[in-house]
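# Structure at a glance
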Amino acid sequence: MAKRGKRKKKNTTYLKALLIIAVLLIAGTYYFQRMSSIHVESGDQIQVIDVSRWNGTINWKKVKKSDIYYAMLRIGRGKNGKSSMAEDSYFHKNYRSGRNYNIKMGIYFYSYATSVKEAEREADYCLSILEKYKIKPQHLAMPVAYDVEEKRTFATGKNNVTNITKAFCDKIEEAGYTPMVYSSASALMKYFKYSTIKNYKIWVAHYGVEDSGPSYPHHYDMWQYTSEGIVPGANTSKKDHKGNCDINYYIVE
């Protein structure tokens, strides 16, 4: 009986040791995921992906293996016809897992606004989602962007589009976040008054011009240079989409 008791005690000690080792390995892996990142300095140009529900659940571990450490996540969209404003169904999941892998993130909100009041409501809704998940300005390494690209918005004219954009961005700024304006190079020239939007960060989209850069004569902070990028871990497998990913160049302050 004594030998059996000693053997049982020895087995228990062995199991405890294995458990401690397992816990340390898990903690070490988590710490590495949280802390591993890219070192950047002011003026550096880095790659950034922007993702939404169309990209599904992002595998950030695979994304980082492509040397991409920055991402813009769609947080939601405005009212589209009969559909009310909505949070992106994959936003919180991808934001939460992105933080675990120390991904530097910003967000963007897709606009359908045609008036200043609608833009203000979109800003309030965007901020309400941030508040719901307790995402404060210090938790975002990149801006809060206003994605303006709908034809019905542009149909309201340059003055109104500029006022819509200003209304959203000013509310975001008042809440302590860094506002950004997103649109195509041609739209930014045609539908936005630069004298007004120059006070915000600017994100320009222009594809197929990697050698020359975007056809935008003013300062910009980020350039979306392709919508057909291949980034393992961020490429959608949905049937109605090609499985591509938007990739950008971001100039670090």
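Data block above holds the structure.
Residues numbered from 1 in each chain as written. Predicted model: local features only at pLDDT ≥ 70, side-chain atom pairs only at ≥ 80, totals over all residues. Heavy atoms only, no water.

Our next topic: the nonpolar core. Counting residues in each nonpolar core, the largest one holds 53 residues, and the members touching the most others are Ile49 and Trp60. Grouped together as the second largest cluster of nonpolar side chains are 15 residues, Ile46, Val48, Ala145 and Tyr182 included. (Core = buried A, V, L, I, M, F, W, Y, C linked by side-chain atoms within 4.5 Å. Buried < 20%, exposed > 50% of the residue type's maximum accessible area, 1.4 Å probe, protein only.)

Look at helix H6 (residues 158-174): 24 Å from first C-alpha to last across 17 residues, which is about the 24 Å you get at 1.5 Å a residue. What H6 keeps buried is the set Val161, Thr162, Ile164, Thr165, Ala167, Phe168, Cys169, Asp170 and Ile172. Note on H6: the residue one or two positions beyond its end, Gly176, has a positive phi of about 100 degrees. (Helix = DSSP H or I, 4+ residues; strand = E, 2+ residues; numbered from the N terminus. Expected span 1.5 Å × (residues − 1).)

We now examine the packing of helix H4 (residues 116-132) against H6. Each pair of packed helices gets described by two things: the angle between the helix axes and the distance between those axes. Viewed as axis vectors pointing N to C, H4 and H6 meet at an angle of 30 degrees, and their least axial separation amounts to 8 Å. The angle between the axes of H4 and H6 places the two elements in the roughly parallel class. Remark: the crossing between H4 and H6 carries right-handed chirality. On H6, the residues touching Val116, Ala119, Glu120, Glu122, Ala123, Asp124, Cys126 and Leu127 of H4 are Asn163, Ile164, Ala167, Phe168, Lys171 and Ile172. Here the contact of H4 with H6 is composed, by residue class, of 9 nonpolar, 1 polar and 4 charged. (Axes fitted to C-alpha atoms, helices over the stretch in contact; angles between N-to-C directions. Parallel < 35°, antiparallel > 145°, perpendicular 65-115°, else oblique. Left-handed = near helix turned anticlockwise from the far one by under 90°. Contact = heavy atoms within 4.5 Å. Nonpolar A, V, L, I, M, F, W, Y, C, P; charged D, E, K, R; others polar.)

So, on to the packing of aromatic side chains. Tallying each qualifying case throughout the model produces 13 aromatic pairs. Geometrically, the ring pair formed by Tyr108 and Trp203 is edge-to-face, given 6.0 Å between the ring centres and 85 degrees between the ring planes. With a gap of 95 residues between them, Tyr108 in strand E4 (residues 104-110) and Trp203 in strand E7 (residues 201-205) connect regions that are remote in the sequence. Since its relative accessible area comes to 9%, Tyr108 is described here as buried. Aromatic side chains Trp223 and Tyr249 sit 5.8 Å apart centroid to centroid with 55 degrees between the ring planes, which places their arrangement in the tilted category. With Trp223 in strand E8 (residues 222-229) and Tyr249 in strand E9 (residues 245-251), this residue pair connects regions lying 26 residues apart in the sequence. The rings of Phe109, Tyr125, Tyr146 and Phe168 are connected pair by pair, giving a single aromatic cluster. Taking NZ or CZ as reference, Arg53 lies 3.8 Å from the ring centre of Trp54, over its face. (Phe/Tyr/Trp six-rings, centres within 6.5 Å; stacked < 30°, edge-to-face > 60°. Lys NZ or Arg CZ within 6 Å of the ring centre and 35° of its normal.)

Below, the discussion takes up the pattern of salt bridges. Tallying each qualifying case throughout the model produces 5 salt bridges. In this structure, the salt-bridge partner of Asp88 is Arg74, at a minimum N-O distance of 2.8 Å. Placement of the pair is Asp88 in the loop between strand E3 (86-87) and helix H3 (91-100) and Arg74 in strand E2 (residues 70-77), with a sequence separation of 14 residues. Given a relative accessible area of 2%, Asp88 falls into the buried group. Across the salt bridge formed by Asp170 and Lys166, the nearest N and O atoms sit 2.7 Å from each other. Within this pair, Asp170 and its partner Lys166 are both found in helix H6, separated by 4 residues, close to a single helical turn. By relative accessible area, Lys166 is classed as partly exposed at 37%. (Salt bridge = Lys/Arg side-chain N within 4 Å of Asp/Glu carboxyl O.)

Let us now look at the pairing of E8. Within E8, 6 of the 8 residues are buried, which leaves the element mostly enclosed by the surrounding structure. Across 3 bridges, E7 lies against E8 in parallel orientation. Its bridge partner being in E8, Val204 is matched across the sheet by Trp223. In terms of strand pairing, E8 meets E9 through 5 bridges, oriented antiparallel. Each residue of the ladder has a partner; that of Met222, found in E9, is Tyr250. (Pairing = 2+ DSSP bridges.)

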